[in-house]
Amino acid sequence: MSIYDTLNEQQKKGVFTTKGPVLILAGAGSGKTRVLTHRIAYLIESMGVNPWNILAITFTNKAAGEMRERVDKLVGYGSESIWVATFHSTCVRILRRYIDKIGYGNSFTIYDADDSKSVMKDVCKKLDIDTKMLKERTILSAISSAKDNLITPAEYDRTAAGDYTKRKISAAYTEYQSLLNKNNALDFDDIIVKTVELFKSCPDVLENYQNRFQYIMVDEYQDTNMAQFELIRLLAAKNKNLCVVGDDDQSIYKFRGANIRNILDFEIVYPEAAVIKLEQNYRSTQNILDAANAVIKNNAARKDKALWTDEGAGNRIHFRSFDEAHEEADYIAGDIRRKKRELVSDYRECAVLYRTNAQSRLLEESFIGLNIPYNVVGGVNFYARKEIKDILAYLKTIDNGKDDLAVKRIINVPRRGIGAASIDRVQAYADSNGISFFEALSQIDSIPSLAGSKSGQKLKDFNTMIRGFRTRLEFCPLEELITDVIETTSYVKALEESDDEDAKDRIENIDELITKLVSFEQEKEEQGEKATLSEFLEEVALVADIDGVGSDDNKVLLMTLHSAKGLEFSQVYLAGLEEGIFPSYMTISSGDLSELEEERRLAYVGITRAKDDLTITYAKKRMIRGETQYNAVSRFVREIPESLLDNSLPSNNVREDSYDDASYERGLFKTKPFNAGDANNWSAAENYLNSYSNRNAKREKLSDTVFDNPSQESVSSLGRKKDISEILVSRPKAVARKKETPSANKPYIAKSLEGITKGMPTAAAPEYQTGDRVRHIKFGDGTVLNIEKDTRDYKITVDFDEYGNKIMYAAFAKLKKLPN
DNA sequence: CGTACTAGTCTTTTT
DNA sequence: GACTAGTACG
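The present account deals with the structure reproduced in this document. (Residues numbered from 1 in each chain as written. Chains lettered and ligands numbered in written order. Predicted model: local features only at pLDDT ≥ 70, side-chain atom pairs only at ≥ 80, totals over all residues. Heavy atoms only, no water.)

1. Brief notes about the nonpolar core
Stage number 1. Residues Leu 392, Leu 395, Leu 441, Phe 462 and Leu 513 are the most contacted members of the largest nonpolar core, which totals 52 residues.
Stage number 2. It is helix α24 (residues 503-526) that contributes the most residues to this core, eight residues altogether.
Stage number 3. Judged by nonpolar contacts, the second largest core, of 50 residues, contains Phe 213, Val 218, Ala 227 and Ala 541. (Core = buried A, V, L, I, M, F, W, Y, C linked by side-chain atoms within 4.5 Å. Buried < 20%, exposed > 50% of the residue type's maximum accessible area, 1.4 Å probe, protein only. Helix = DSSP H or I, 4+ residues; strand = E, 2+ residues; numbered from the N terminus.)

Here is the structure:
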């Protein structure tokens, strides 16, 4: 009996086809990790391949760790020399050795999104870019997508001619790169981009790795972007033993540059590729699979396939609807408690999945209320916390003196009397002498405005302190360094003395960081290596939220649908299945059908996480960003045949609650909406009001008083002046009454089913024709290629200048005709 | 130079 | 509702 006997025919094919390019299309739960691990085992044991020559690439450290562990169990020896790693850590390892060949120092720093944003802020200031018009975020995401597609600043600039915004972005891109280079730093995208650049400019380095990686496997191939594809293509060019595994139906990272064409076109790039389809599912019951199949088949752009299982039909999908979001959360928590009590399942077998991180809050409250242990994956990353970033900035400063960002972050943290003025003076000196900020600190006496001054002395002291740490780094273990940093800077002491109410948490976080550093150091020691500071900082920079999640703790897991990819649970709850939440409002209003398809794939991912039971919940009413929204049941739920659900769907009537002119005209309100600045409807008005009061817990009090007794007095007695009274004067009483009795006697408008799921029932013919130039709020200008009348609406194909071809529904896309 | 308070923004998803 | 950048003041 061999280890391969338990595999099905298709899986065996995947394992035994070792030569040349192989594409494994693996449906959810079809055992792709099993195929990959057995394939590695087969290569080593039967094909005599040296483990050293195998490269397996995954997207998360967690996946990499699991793969190594499973190979270890199968092979028993040699698995430690297989290179199993994520794209990013693979590239960092390569760059640490060779990046000096392309103009960086080998001890480069890795910038996270926060750091990138700080750099971009400087860039905007320097280039005089008005960040009100063009946000840092926008620029950064344009740069990021350029990098995903391996477009250099110079190339970007060539496409920018004639477009004002693009020219600005182009200038920012160039400046941003030069700043990163000056700081000897790479952002996330650079890690891949620079490796490709290295391979292209140093054929000998590439060849070195081509010879090493004779067999390459890539997991989650559907989520690779252009740059990652190119990286793999280069590495595999010599031996061509490239096996990619993926599922086009689970491609959910397009927003991050993932190119679904990489998997759809694999056979075009490698015509000799063997293609293997895994469709038998070993995870879920047939009912769950039927639901998943029913949803995903509404996507047009996909390879046709359908999951099936040998197992029985199982329970029907549980569907529950609620009036309020907190009732939904209470139900989920209560249901999990029930399952635990009735011994149906333990906490660790349950997961709650949602579309946006913000949805976790209500769930957490309910879990705390019922005393159910839980873990939230994601949200605020541990390493993104202020105190952690501060300590890390010290370590970065010690490790790489060129990282100006890190130095400036901590030069006055904790407070040591160094202000903005001094910092600017040092920076000016550094700039005019072409040296780094930290270097300039060593030359304080040469800076006229600082030499001999009080401020100058403080700067010198800081410099001396850092140098002291550097000396310590040479002779002491990392653990001593970090405790020395915390001691010498009095960081924790300052926290203890501060009136920061989170001080205790922050100190605990710092202790946690020390623990992580110590265990990192020990691990290295066990492997017979000495841990370096750079390695630690790099590991820390590349951790994903999901990496730390283990099954050791008996806790319910709460996470976004994105984080859940690749995981499975006996009991899965999909919460917030509402139009506008999932699919998100952004997706619906963009009118782009391909974005809607990506959301649908996300729904498919969610459904297929469940092994035994799937519970879908819906809340009619929900607070989003302090605004109450009323949403219809998600179209994805309606795509599931009702026979698979244990409850019928609620009628699709949605309460129309906006206090706007349109509602007024329909006779919903007796008074016309007021206008105070932007506040022209109920939600906006409430928001407007809140912005004055939400801080000091006066909010509730203020609002209530205001609504009960809308007089000038009640406002001024709370210490508020001018604008509020303006609102009050113009605020109609109807609004105030609304607030008191939110659900009673409110008129409902029945929006027809067509209205929700099928676009507008009576769509007017668009004002533009084929060939016309049109403008889209998100995709910019483009040319209409085709207009097609559909049963529901007009399907418009537009060739956008910047985004290429998009097919969209006229009713949602709201295209504006431009003069020809 | 440091603090306290205000106003605006944000959120869709993340290696 | 949370976070943060900006600002006025001590």
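2. Here's the deal with the sheet that holds strand β8 (residues 274-278)
Stage number 1. Pairing in this open sheet of six strands is parallel, and the strands run β3-β2-β6-β7-β1-β8 from one edge to the other. The open sheet has two edge strands with one neighbour each: β3 (83-86) and β8. The mean inter-strand angle of the sheet, taken between neighbouring strand axes irrespective of direction, is 15°.
Stage number 2. As judged from the four bridges shared by strand β1 (residues 22-26) and strand β7 (residues 242-246), these two strands associate in the parallel manner. Bridged to Leu 25 within β7 is Gly 246.
Stage number 3. This element, helix α1 (residues 9-16), spans β1 and β8 of the sheet and lies at about 145° to β8.
Stage number 4. The strands touched by helix α4 (residues 87-98) within the sheet are β2 (54-58), β3 and β6 (215-218), with β3 carrying the most contacts at an inclination of about 110°. (Pairing = 2+ DSSP bridges. Axes fitted to C-alpha atoms, helices over the stretch in contact; angles between N-to-C directions. Contact = heavy atoms within 4.5 Å.)

3. Regarding the protein's contact with DNA strand B
Stage number 1. As a matter of local geometry, DNA strand B sits amid 29 residues, with Phe 59, Lys 135, Arg 355, Arg 415 and Met 586 nearest to it.
Stage number 2. The share of sugar and phosphate among atoms of DNA strand B within 4 Å of the protein is 64%.
Stage number 3. Taking Arg 415, its side chain carries an N or O atom lying 2.3 Å from a phosphate oxygen of DNA strand B.
Stage number 4. In this structure, a phosphate oxygen belonging to DNA strand B sits 3.4 Å away from a main-chain N or O atom of Gly 417.
Stage number 5. Of all the elements in the fold, those that place two or more residues in the surface near DNA strand B are α19 (420-433) and α26 (561-564).
Stage number 6. For the surface near DNA strand B, the per-class residue count stands at nine nonpolar, 11 polar and nine charged. (Near = heavy atom within 4 Å. Polar contact = N/O pair within 3.5 Å; in protein donor to acceptor, adjacent residues only side chain to side chain. Nonpolar A, V, L, I, M, F, W, Y, C, P; charged D, E, K, R; others polar.)

4. Focus: a negative patch on the surface
Stage number 1. Residues Asp 499, Glu 501, Asp 502 and Asp 505 make up a contiguous surface patch of negative charge.
Stage number 2. Here Asp 505 is to be found in helix α24.
Stage number 3. Take Asp 505: its relative accessible area is 44%, and that puts it in the partly exposed class. (Patch = residues over 30% accessible without salt bridge, like charges linked within 9 Å, V, L, I, M, F, W, Y side chains within 5 Å. Areas by Shrake-Rupley, 256 points an atom, 1.4 Å probe, with all protein chains shown as cover. Salt bridge = Lys/Arg side-chain N within 4 Å of Asp/Glu carboxyl O. Lys, Arg positive; Asp, Glu negative; His and termini not counted. Charge placed at Lys NZ, Arg CZ, Asp CG, Glu CD.)

5. Description of the packing of helix α17 (residues 386-399) against α24
Stage number 1. Following both chains from N to C, one finds α17 and α24 inclined at 45°, their axes separated by 9 Å at the closest point. Classified by the angle their axes make, α17 and α24 are oblique. For the pair α17 and α24, the crossing hand works out as right-handed. On α24, the residues that touch Lys 386, Glu 387, Ile 388, Ile 391 and Leu 392 of α17 are Arg 506, Asn 509, Ile 510 and Leu 513.
Stage number 2. A breakdown of the residues in the contact of α17 with α24 according to their chemical character gives five nonpolar, one polar and three charged. (Parallel < 35°, antiparallel > 145°, perpendicular 65-115°, else oblique. Left-handed = near helix turned anticlockwise from the far one by under 90°.)

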